[in-house]
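# Structural overview for review
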Amino acid sequence: MSRARWPFGQAALVAVVVLAGYLATLAPTVTFWDAGEFITAAKMLGIPHPPGTPLWVLLAHVWGLVVPFGDYAWRLNLMSAVCGALAAGAWFLVVHASAARAADAPRWVAPMAGWGAALVGAFSFTAWQNAVEAEVYSVALLTIALVALAATAWRERRDTPLGSRLLLVAIYLGALSIGNHLLALLMGPALVAFLLVESRTRRLTERVAAIDELARITVVATVWMLLIALGLGSTTLTLLTGALALAAAGWAATRRQAAFACTALGLALVGVSTYAFLYLRAQQGPWLNEADPSTWDALLDVIRRAQYPIRTPLDDPTVLHGPDNPGRSLAMLGHQLANYAQWFDWQWARTLGEGAITAPLRLVVTIGAISLGLRGARAHRHDDRAGFAMVLVLFLVTGLGLVLYMNFKPGPSIGWPTWPELGQHEVRERDYFFVASFVAWALWVGYGIADLAAGVARRARFARLAPLLGAAMLVPAVLNVGDASRRHGADVTLARDFARALLESVPPGGILFTWGDNDTFPLWHAQAVDGVRRDVTIVCLALAETKWYLKQLITWRPAPVDAAMLPAVWAGHPRPDSSLAIHGLSAEAIDSFAPQYINEALTLPLPQGGALTIPARTPVFGKDLAVLMVVRENAGRRPITWSVTAAQKLFGAPVVQQGMGLTLPITMPDTTMLAGGAAAGADGAPLDLRTTRALLDSTWQLGALLERGAAGLDPNIRAMANTLALPFAQAGIAMLARGDTAAAVADLRRAARLAPDQPAIGAALAELGQPFRP
């Protein structure tokens, strides 16, 4: 294809338009889930959770240096947005090239198809959400789009050196993608389908050239299989696919394609080499060093994701893998398919929500997307069989294929009558895993819009209406913006504000027990990126189930207390020695530890009185060992705080609630500051009212949350807002017990804004004659 036939100017304009939409909805700071961890890793050149995403960390670190303005988290959010916009531009070129092959279509159909595919795909709900925060999925989608673009350009230069080079580019992109996310590797089957269909439907005129081309395609297919095996970290699959790749290379050599085969294998190894960063950097002990891949075995464990429980496609995902697993049932598969259908439904008009009127409207939009997608698929197949095959395989592999392979538990919004336990559901909606399939269908929706417009244009009576149909490509942008935006909701700064509020609840030099991702990753970002309360040592109890984490705590030392970062309420408190060890267990003792069952109650006396108690007939896991060892080593020497999210691991410690922390202090606060009875803190702990009120009134910054309220937030994010509401509600009840009704109402109303779905808060306000309506 000559340069004149590639509308790069329009593609650039598409990217600019999409980027403008993303910028208008871009998260201004850190968000919940993995973003805080990824941003921290990029800033510190650290290592996030397995498989480590080394390419993303390196790209984001350089991006953060090259873009010199704006909040650091915003810069990395911007990187996702730019990648998403570039992917939209690439998809425009791919779809335009397919539609331009239609001999009988008006000239405006190909641009309309390209614009429609790009805009519908870019502003589909899940792709949009991931493009406006620091996550790996925008980079993965860009990789997929670039591979598709390389394949599309290849077919016009199939029998030239440039054609072979474009195939090598595709292989290199696939190899690089291993260091970001394996989602992009699922483009491999679609790429091979494109190459095979194109080679069969438009055979090269010379038989020798056709066989040589088949040899190159075979090399691409087998090398890509090798990449998948390497990405999974499977030794067996790597040996098997490696043998196939070598056999393909041998055959290619007999067809005078040895240089191509050797280069393909070499590029695969070069791309995969990003994992060397994990091995080398881990040995330097970075601030964030998850799984510590500083040895060859540890690196393999990271690539294999060994720290996560095994789950095969044949298992019942709600039961641990093993001989007692009953196997995946048809009921489970049905719910998994229903989950996928639910997430598919979200893509086109998510902001319409679940209301009695809006839900049917959203269903109408979804039916429209299905109809247009089917029409677009038919037109695509008519115009370009190879392009159709590529999109079809991409849609199936990253949709139904992933449903079968990933074998997720039912999402948090489905299946509760059958699986009533919280642990039987995924902790959040997993729609992001299937984002490539949603984008693939969106390409057909855009194609279908153009084909429908072309059909209308053929009828003289309605010809003038044809251009108006192009407005349909804007429907996802208009009807998804409310939910996809991370800039305009009440939770815009919630992750940052939650992290700071929790860290500010800890006395100087304290140790803070947290529970999991959402009460840990934003705190890492606050400390490592924003420099907030680095004197606090965070002990994540979820990670304490791993031996590498317990070993890292042996040598961990917090920063000295920084008076400039210390809230005023803590100004006069003691400042412990930051050189003290977190715990005294040896690496050998940690290696020898295994979960145990305690038949008799275990009591650990504390220096300043009280004790930790593990009841009889209780299993003791790694997180329990961490709590016991940290408290034993540090009680009376430095403050030890449990986040209210980790209160289930208090073991009866004589704590005092201060803000969102339950603290075992060096010395107990003045008891005149404590409110008991109905005003007690979490888990019945006394509430340090003076400290808590100082945090609520003078320290915490909650952005737009108090003004807009938490109604309508995602359930997981709403849970974090509920956590913030707890000390407001407790302070309100305490003030009421003291007879200060005005202060009680003010606190309870703030609590109700943060937790509108908590009936106890509303009931308390109603008793005071102050009914609350979200």
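As shown above, the structure is provided for reference.
Residues numbered from 1 in each chain as written. Predicted model: local features only at pLDDT ≥ 70, side-chain atom pairs only at ≥ 80, totals over all residues. Heavy atoms only, no water.

Attention now moves to the overall build of the protein. The helix and strand tally for the protein stands at 29 helices and eleven strands. Radius of gyration (C-alpha) of the protein: 29 Å, near the 28 Å computed for a compact globule of 774 residues. Classification of the 774 residues of the protein by burial places 56% in the buried group. Pairs at least 24 residues apart make up 73% of the contacts formed inside the protein by residues separated by at least 6 positions. When the accessible surface of the protein is totalled, it reaches about 31,200 Å², and 63% of it is carbon and sulfur. Taking the average location of the 60 positive side-chain charges in the protein and that of its 54 negative ones, the two points are 10 Å from each other. (Helix = DSSP H or I, 4+ residues; strand = E, 2+ residues; numbered from the N terminus. Rg over C-alpha atoms; globule rule 2.2 N^0.38 Å. Buried < 20%, exposed > 50% of the residue type's maximum accessible area, 1.4 Å probe, protein only. Contact = heavy atoms within 4.5 Å. Areas by Shrake-Rupley, 256 points an atom, 1.4 Å probe, with all protein chains shown as cover. Lys, Arg positive; Asp, Glu negative; His and termini not counted. Charge placed at Lys NZ, Arg CZ, Asp CG, Glu CD.)

If a strand is regular, its side chains alternate between the two faces of the sheet. Of the two faces of strand β9 (residues 661-664), both are covered, the one formed by G661 and T663 as well as the one formed by L662 and L664. As paired elements, strand β7 (residues 640-643) and β9 share four bridges and run antiparallel to each other. The residue bridging W642 from the neighbouring strand is L662, located in β9. With three bridges joining them, strand β8 (residues 656-658) and β9 adopt antiparallel strand pairing. (Pairing = 2+ DSSP bridges.)

Of the pockets and cavities examined, the second largest pocket occupies roughly 1,100 Å³. Residue lining of the second largest pocket: 41 residues in total, with Q129, D483, L713, D714 and I717 positioned closest to the centre. Those elements that place two or more of their residues in the lining of the second largest pocket are α6 (125-131), α15 (330-349), α19 (475-484) and α27 (715-737). Counting residues per element, the lining of the second largest pocket draws most heavily on α6, at four residues. The residue inventory of the lining of the second largest pocket, partitioned by class, reads 15 nonpolar, 14 polar and twelve charged. (1 Å grid on protein atoms, 1.4 Å probe; cavity = no way out; pocket = protein on both sides within 12 Å on 5 of 7 lines; lining within 4 Å. Points joined across faces, edges and corners; volume = space filled by probe spheres on them. Nonpolar A, V, L, I, M, F, W, Y, C, P; charged D, E, K, R; others polar.)

Here we come to the packing of helix α7 (residues 137-154) against helix α9 (residues 187-201). At a minimum axis distance of 10 Å, the contact between α7 and α9 shows a crossing angle of 10 degrees. The pairing of α7 with α9 is recorded here as roughly parallel in orientation. In this structure, α7 contributes I144, V147, A148, A151, T152 and W154 to the contact, and α9 contributes M187, L191, F194, L195 and E198. (Axes fitted to C-alpha atoms, helices over the stretch in contact; angles between N-to-C directions. Parallel < 35°, antiparallel > 145°, perpendicular 65-115°, else oblique.)

With that out of the way, let us pick up the pattern of salt bridges. Under the criterion given, the structure shown has 26 salt bridges. When the shortest N-O distance is used, the salt bridge between E633 and R632 registers 3.3 Å. The partly exposed category is assigned to E633, whose relative accessible area is 22%. For R632, a relative accessible area of 44% puts it in the partly exposed group. (Salt bridge = Lys/Arg side-chain N within 4 Å of Asp/Glu carboxyl O.)

Moving on, we come to the environment of V67. Within the secondary structure layout, V67 lies in the loop between α3 (54-66) and α4 (72-99). Residue V67 is classed as buried on the basis of its relative accessible area, which comes to 9%. Non-local contacts of V67, meaning those with residues more than four positions away in its chain, are made with R75 and L78.

Glancing now at the packing of aromatic side chains. Think of a pair of aromatic rings as described by two things: how far the centres are apart, and how the planes are tilted against each other in angle. Enumeration according to the criterion identifies 28 aromatic pairs in this entry. Consider the rings of F408 and F434, whose centres lie 6.3 Å apart with planes at 75 degrees: the pair is edge-to-face. Within this pair, whereas F408 is found in the loop between α17 (385-406) and α18 (435-457), its partner F434 is found in the loop between α17 and α18, the two being separated by 26 residues in sequence. Summarising the burial analysis for this pair, F408 and F434 share the class buried. Summarising the aromatic geometry, the rings of W700 and F728 are spaced 6.1 Å apart at their centres and angled 70 degrees between planes, so their arrangement reads as edge-to-face. With W700 in the loop between α25 (689-699) and α26 (705-708) and F728 in helix α27, this residue pair connects regions lying 28 residues apart in the sequence. The ring of Y72 has K43 lying over it, and the distance from NZ or CZ to the ring centre is 4.7 Å. (Phe/Tyr/Trp six-rings, centres within 6.5 Å; stacked < 30°, edge-to-face > 60°. Lys NZ or Arg CZ within 6 Å of the ring centre and 35° of its normal.)

Time to look at the pairing of strand β5 (residues 611-614). Sheet analysis places strand β4 (residues 602-605) next to β5, joined by four bridges and oriented antiparallel. Paired with T603 across the bridge in β5 is T613.

What follows deals with empty space enclosed by the protein. With the rule as written, the count across this model stands at three cavities of 30 Å³ or more. The volume enclosed by the largest cavity comes to roughly 120 Å³. As for the largest cavity, its lining consists of 15 residues, of which G84, A87, G121, A122 and L141 are closest to the centre. Elements supplying a minimum of two residues to the lining of the largest cavity: α4, α5 (109-122), α6, α7 and α18. Here the lining of the largest cavity is built from residues that sort into twelve nonpolar, three polar and no charged. Every residue lining the second largest cavity is listed: Q336, N339, W343, V403, N407, F408, K409 and F434. Considered class by class, the residues forming the lining of the second largest cavity number four nonpolar, three polar and one charged.

This part takes up the packing of helix α8 (residues 161-177) against helix α10 (residues 207-232). For the pair α8 and α10, interaxial distance at closest approach is 10 Å and the crossing angle is 5 degrees. Between α8 and α10, the angle falls in the class roughly parallel. Residues S164, L167, A170, I171, G174 and A175 of α8 form the contact with α10, whose own contacting residues are R216, V220, V223, W224 and L227. Of the residues in the contact of α8 with α10, the class split is eight nonpolar, two polar and one charged.

Next up on the list: α19. When α19 is considered as a whole, its buried residues turn out to be P476, N480 and A484. Buried residues in α19, looked at end-on, bunch into an arc of 40 degrees, giving them a common side. Residues of α19 that are buried sit in contact with α5, α6 and α15. (Arc of directions from axis to C-beta.)

The grouping of M225, L237, L240 and L244 at the surface amounts to a nonpolar patch, some 330 Å² of accessible area in total. When residues of the nonpolar patch are assigned to their parent elements, the largest contribution, three residues, is made by helix α11 (residues 235-254). Within the secondary structure layout, M225 lies in helix α10. Given the relative accessible area of 38%, M225 is considered partly exposed. (Patch = residues over 30% accessible without salt bridge, like charges linked within 9 Å, V, L, I, M, F, W, Y side chains within 5 Å.)

With that settled, the discussion passes to the side chain of T40. Relative to the elements of secondary structure, T40 occurs in helix α2 (residues 35-44). Owing to a relative accessible area of 0%, T40 belongs among the buried residues under this scheme. In this structure the side chain of T40 is engaged in a polar contact, spanning 2.7 Å, whose partner is the backbone oxygen of G36. (Polar contact = N/O pair within 3.5 Å; in protein donor to acceptor, adjacent residues only side chain to side chain.)

Okay, unusual backbone geometry next. A cis amide bond, omega 10 degrees, links P50 with the succeeding residue P51. For P51, the location among the structural elements is in the loop between α2 and α3. Unlike most non-glycine residues, A291 shows phi in positive territory, near 70 degrees. As for its placement among the helices and strands, A291 is situated in the loop between α13 (275-282) and α14 (296-304). With relative accessibility at 13%, the residue A291 sits in the buried group.

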